[in-house]
Amino acid sequence: MRKLLIWLPLLLCLAFVGLFASGLFKPDDRVIHSRLVGQLLPAFSLPAAASDRPALASTQLATGKPRLLNIFASWCVPCAAEAPQLEALQKAGAQIDAIAIRDARPDVDAFLKRNGNPYARIGLDARSAVQMALGSSGVPETFVIDGKGRIAYQHIGDIRADDVPMILEKLRAAQ
Amino acid sequence: MIAETGLAALWLAAALALLQLVLAFAGLKGGKTELLAAVRPAAVAQGVLTAIAFAALITLFLRSDMSVLLVVTNSHSMKPWLYKFAGTWGNHEGSMLLWVTVMGVAGAAVALFERALQRNAHMATLGGQAAISLGFYAFLLFSSNPFARIDPAPADGQGLNPLLQDPGLAFHPPTLYLGYVGLSVAFSFAIGALLTRQVDAAFARAMRPWVLAAWVLLTLGITAGSYWAYYELGWGGWWFWDPVENASLMPWLAATALLHSVTVLATRDALRAWTVMLAVVAFSMSMVGTFLVRSGILTSVHAFAVDPTRGSFILGLLALYIGGALALFGWRIGSVREGAPFELVSRETMLVVNNLLLTVILGLVLIGTLYPLMTEAFGHKVSVGAPYFDRIAGPIALALMVAMAAGPLTRWRKDQAQAVGKRLLVPLCIALLVSISLSLFAWGRIGILPFLGLVIAVAVGVGSLAPLWKRKLLRTPLFTYGMVVAHLGCAVSLAGMACDSAFTVEKLVAARPGDVIQTAGWSLRFRQIAPIAGDNWTALQAEMDARRGGSSVLIRPQSRFFASPPTTTSEAALLTRWDGQLYVVLGEEVEGGRWQLRIWWKPFVTLIWLGGVMIALGGALALVGRERRGWLMKWRAREARL
């Protein structure tokens, strides 16, 4: 009994080390998915973020045709990397609206001039309120919205070139 | 050049640590005095070199040297100098360098100032300290070099986490680290004592000042951290049971238990195995805390660098040192004869009770902190929140407080239960009076834990003053005052916590400029809201007149926006009065030009931190008292010899 007590701390320590190791080497799934997938978009109405694109409200995302809602910011580097893929999606017939996060109109204009402008409408979310309501945790993120204003799919991070066919497929499926 | 000097100093220090380890163990094994004679100078030189390396890193940060990778990723030339300075340790590499610096300097101090230990135990302790340091040197040099250059150098840096841009946080981590790493000295003492089989009263007396000093700093660090979280996060709470907070609480609980058991060992030569075990556990908890915070295996409101490779390195160190120490414990402790016996009713028993309760709390906090990890290993994701900890740790903490009131009123070795009861009569009567008046005043309005908390706080407050009763105050030793102040501090903190959870008034409103909000006897007139700019942030600032009775005071809650990296923080407006704090947070704008405001009136909440400072002060008094007594005795002995 006494012997066991003496060695018990070492056994406990080894058990903890095992536990820590299992925690350390488990596959990383820190990505936070929105709980709104499958549900209606929260209602919002945002002012225009760019000088040559109209403003964006949630009602404009429920017109019967599925579309993409891209969350971006002019200060976000991956968003610039994502621009060519958005361009390709638009060429393939996708309609893309956007929300610019914590941005200013001149910055957005400059960003679009530099990286191309695939967007139909761009809303300005100056304090991330709509972003948070959407359950989005960073930029860039892209939502597939079905014709009824329901979120069909959430893509976290930038859209890579090999993601494009998958996104188009999701759009078709949302019909 | 400065970066290279720092790196060179670090390599040299690591080499000296290796030398120190080899010298100590070769010298002890072969009984070679000439080898042992070189151990102390090696330890001192090692301490000096780590200090040089750390000073080099501070210089790089203050100069905003953008050719150093660490400065680029954690600083910005526009930052106020205080935060450039604090940026030195506000990141992974810098804080690890701070860690080895504190270890090196503490090792040098043990080499220079430790006189109470017998020579072999002293050398084994220094060897142990060198062995621990080596692992951390390897960690720094092979996986997180703070002096790495970047080429080409960018024009400017990327800033520091804005949550950390606060004077409180500039000095909170170093204080905590001094405490964490101070416990490494106790750990080394335990290793040295086990290796030389000298676990006795002399060992305890030698270890006690180091434990006390580490404990005082840890207490201050935790108190400061709690106040920082309270005013900076804008959530109005003072303890969130967050993994990072628990990471500092667990070593504190172990160190508190150690502090009391080391006193038993020093005074009565009892609890030998237990004291050694606690010394190992206390530093282990520092390492576990560091691991949890740095590896990112638990998520927390405090965002730190998340990096599994670094995590596995610390895990390796943890397994090696803690596992090694516990194996040594198992192997050697049987040969250490158990010390003096004591009766059931005695000061020793009370301290054993204290130790057990603290250990149980420690275990529960550890389980609660790791529970998400355990369930995840079996495929479920859960989180353990404050309710678990409050409900589980709360009642035991209250029991601990009761033991704390009774402990100092019990005699060493043997006492009569009746006599102890008699001495406890006054605190008991006062507790009874408080509970009666509190029931009349607030029955049904406050929960059972806050109720008990208030009653016990008052009783403990009275009980902790009792050791001074009928004593000649001027001739009472300083460490007795230390104990009284520290225990009184616990009562004061408990009273603050109980008042906060029992009587806080919270109000959430959406107001527009011109509105007047009434709550808890205060009247707040919302004057206006306007943007303002600071050094490296812009903010929306509300101006409000807060009035209670007489004249009004202008308060300004802010919502701050930092551009690099883009982050919003809220700066709560705090108005401190003798009987509590008014706490106002500015929230989001809602429709119609109205703003969300969260207003708290927190009666006597400041007592929580006042108590924390008193506990640390008590520890400091005890430390000075013990040390001064040692010096006096030595001085008298010398006088007598002359």
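Residues numbered from 1 in each chain as written. Chains lettered and ligands numbered in written order. Predicted model: local features only at pLDDT ≥ 70, side-chain atom pairs only at ≥ 80, totals over all residues. Heavy atoms only, no water.

Under an unreviewed UniProt entry, the name given to chain B is Cytochrome c-type biogenesis protein CycK, and the source organism is Sphingomonas bisphenolicum. Per UniProt, chain B has the following entry under Subcellular location (unreviewed entry): "Cell inner membrane". Reading the Sequence similarities (unreviewed entry) entry of the UniProt record for chain B gives the comment "Belongs to the CcmF/CycK/Ccl1/NrfE/CcsA family." (UniProt positions renumbered as here; feature names shortened; annotations may be inferred.)

(A) Structural context of the overall build of chain A. Summing up its helical and strand segments, chain A has five helices and seven strands in all. Each principal axis of the C-alpha distribution contributes one length, and for chain A these read about 80 × 35 × 30 Å. Counting all 175 residues of chain A, 47% fall into the buried class. Within chain A, contacts between residues separated by at least 24 positions form 74% of all contacts whose residues are at least 6 apart in sequence. Just so you have it, chain A exposes about 8,700 Å², and 61% of that area is on carbon and sulfur atoms. Within chain A, the 16 negative side-chain charges are centred at a point lying 6 Å from the centre of the 20 positive side-chain charges. (Helix = DSSP H or I, 4+ residues; strand = E, 2+ residues; numbered from the N terminus. Buried < 20%, exposed > 50% of the residue type's maximum accessible area, 1.4 Å probe, protein only. Contact = heavy atoms within 4.5 Å. Areas by Shrake-Rupley, 256 points an atom, 1.4 Å probe, with all protein chains shown as cover. Lys, Arg positive; Asp, Glu negative; His and termini not counted. Charge placed at Lys NZ, Arg CZ, Asp CG, Glu CD.)

(B) Up close: the overall build of chain B. On a plain count of helices and strands, chain B comes out with 19 helices and 10 strands. Seen through its principal axes, chain B has C-alpha atoms that stretch 85 × 75 × 60 Å. Taking all 642 residues of chain B together, 55% fall into the buried category. Contacts in chain B between residues far apart in sequence, at least 24 positions, make up 72% of those at least 6 positions apart. Only carbon and sulfur atoms are counted for the fraction: they give 66% of the accessible area of chain B, which is about 27,000 Å². Across chain B, the mean location of the 50 positive side-chain charges is 14 Å away from that of the 33 negative side-chain charges.

(C) Representation of the pattern of salt bridges. Residues and elements named next belong to chain B. For the structure shown, the criterion picks out 15 salt bridges over all chains. Linking R272 and D269 is a salt bridge whose minimum nitrogen-to-oxygen distance equals 3.0 Å. Within the structure, one salt-bridge network assembled from shared partners comprises R525, R527, E543 and D545. (Salt bridge = Lys/Arg side-chain N within 4 Å of Asp/Glu carboxyl O.)

(D) Structural context of the nonpolar core. Counting residues in hydrophobic clusters, the biggest one holds 162 residues, and the most contacted among them are F20 of chain A together with L10, L97, W99, F136, F147 and M207 of chain B. Membership of the second largest hydrophobic core comes to 42 residues, among which are C79, L86, A94 and I167 of chain A. (Core = buried A, V, L, I, M, F, W, Y, C linked by side-chain atoms within 4.5 Å.)

(E) Spotlight on the sheet that holds strand β7 (residues 151–156) of chain A. Residue and element names in this part refer to chain A. Across the sheet, which stays open at both edges, the five strands sit in the order β5-β4-β3-β6-β7 with mixed pairing between neighbours. Because the sheet does not close on itself, it has two edges, and the strands there are β5 (122–125) and β7. Adjacent strand axes in the sheet meet at a mean angle of 20°, parallel and antiparallel pairs treated alike. By the bridge criterion, five bridges tie strand β3 (residues 67–72) to strand β6 (residues 141–145) in an arrangement that is antiparallel. In the sheet register, R67 faces β6, and the bridge partner there is I145. Running over the sheet, helix α2 (residues 77–91) touches β3, β4 (96–101) and β6 and is turned about 165° from β3. Packed on one face of the sheet, helix α5 (residues 164–173) meets β3, β6 and β7 and runs near 165° to β7. (Pairing = 2+ DSSP bridges. Axes fitted to C-alpha atoms, helices over the stretch in contact; angles between N-to-C directions.)

(F) Local environment of the sheet that holds strand β10 (residues 594–603) of chain B. All names here are of chain B. With antiparallel pairing, the four strands of this open sheet are ordered in space as β1-β10-β9-β8. At either margin of the open sheet sits one strand with a lone partner, and together these are β1 (505–511) and β8 (573–577). Across the sheet, the mean angle separating the axes of adjacent strands is 15° when strand polarity is ignored. Strand direction decides the pairing type here: strand β9 (residues 580–590) and β10, joined by nine bridges, are antiparallel. By the bridge assignment, Q581 is partnered in β10 with K602. Sitting on the sheet, helix α18 (residues 478–503) touches β1 and β10, and the angle it makes with β10 is about 135°.

(G) A look at the confidence of the model for chain B. All names here are of chain B. Mean pLDDT over chain B works out to 86, with 94% of the residues at or above the 70 mark. Predicted confidence for residues 300–305 stays below pLDDT 50, and this span has 17 contacts to residues more than four positions away or in other chains. Both confidence scores are given for the complex: pTM 0.81, ipTM 0.78. (pLDDT = per-residue confidence, 0-100.)

(H) Quick peek at the domain arrangement of chain B. Residues and elements named next belong to chain B. For chain B, the domain assignment lists domain 1 (1–170), domain 2 (424–503 + 609–641) and domain 3 (505–603). Using only C-alpha atoms to locate each centre, domain 2 and domain 3 end up separated by 36 Å. Contacts between the two partners involve four residues from domain 2, matched on the other side by five residues from domain 3. Taking both sides of the interface into account, the surface hidden between domain 2 and domain 3 amounts to around 310 Å²; carbon and sulfur atoms contribute 44%. Summed over the three residues of domain 2 that lose the most area to domain 3, namely C499, D500 and F503, the buried surface amounts to 89% of that side. Taken together, the connections running from domain 2 to domain 3 amount to one salt bridge. Linking domain 2 with domain 3 are two residue pairs in polar contact (both at pLDDT 80 or more), by the criterion used here. Taken together, the residues that form the side of domain 2 that touches domain 3 break down as three nonpolar, no polar and one charged. (Domains from an automatic or database assignment. Buried area = accessible area lost by both parts, 1.4 Å probe. Polar contact = N/O pair within 3.5 Å; in protein donor to acceptor, adjacent residues only side chain to side chain. Nonpolar A, V, L, I, M, F, W, Y, C, P; charged D, E, K, R; others polar.)

(I) Up close: helix α9 (residues 201–232) of chain B. All names here are of chain B. Between its terminal C-alpha atoms α9 stretches 45 Å, which fits the 46 Å expected from 32 residues at 1.5 Å a residue. The principal kink in α9, of about 35°, is found at M207, preceding the proline P209 by one to four residues. Positive phi appears at G234, one or two residues downstream of α9, with a value of about 75°. (Expected span 1.5 Å × (residues − 1). Bend = angle between axes of the 7 residues up to and from the residue.)

(J) View of the packing of aromatic side chains. All names here are of chain B. Applying the stated criterion across every chain yields a total of 28 aromatic pairs over all chains. A ring pair is formed by F85 and W89, whose centres lie 5.3 Å apart and whose planes are at 75°; its orientation type is edge-to-face. Taking the centre distance of 5.7 Å and the plane angle of 90° together, the rings of W99 and Y177 count as edge-to-face. Here W99 is found in helix α6 (residues 92–113), whereas its partner Y177 is found in helix α8 (residues 167–195), with 78 residues between them in sequence. In this pair, the class of W99 matches that of Y177, namely buried. Among the aromatic residues, ring-to-ring pairing joins W99, F136, Y177, Y180, F187 and F283 into one connected group. Above the ring of W331, the side-chain terminus of R332 is found at 4.7 Å from the ring centroid. (Phe/Tyr/Trp six-rings, centres within 6.5 Å; stacked < 30°, edge-to-face > 60°. Lys NZ or Arg CZ within 6 Å of the ring centre and 35° of its normal.)

(K) Spotlight on the interface of chain A and chain B. Contacts between the two partners involve 22 residues from chain A and, on the opposite side, 38 residues from chain B. Taken over both partners, the interface formed by chain A and chain B buries close to 2,400 Å², and the fraction arising from carbon and sulfur atoms is 73%.

(L) Region of interest: a nonpolar patch on the surface. Where nonpolar side chains cluster on the molecular surface, the patch consists of L5, L8, L11, L12 and L14 of chain A and spans about 460 Å² of accessible area. Within the secondary structure, L12 of chain A is located in helix α1 (residues 2–25). (Patch = residues over 30% accessible without salt bridge, like charges linked within 9 Å, V, L, I, M, F, W, Y side chains within 5 Å.)

(M) Molecular detail of the packing of α6 of chain B against helix α7 (residues 119–143) of chain B. All names here are of chain B. Look at α6 against α7: their axes get within 10 Å of each other, and the N-to-C directions meet at 165°. By the angle between their directions, the pair α6 and α7 is classed as roughly antiparallel. The handedness of the crossing between α6 and α7 comes out as left-handed. Where α6 abuts α7, its residues H92, E93, M96, L97, W99, V100, M103, A106, G107, V110 and A111 lie against H122, L126, Q129, I132, S133, F136, Y137, F139 and L140. Tallied by class, residues from the contact of α6 with α7 come to 14 nonpolar, five polar and one charged. (Parallel < 35°, antiparallel > 145°, perpendicular 65-115°, else oblique. Left-handed = near helix turned anticlockwise from the far one by under 90°.)

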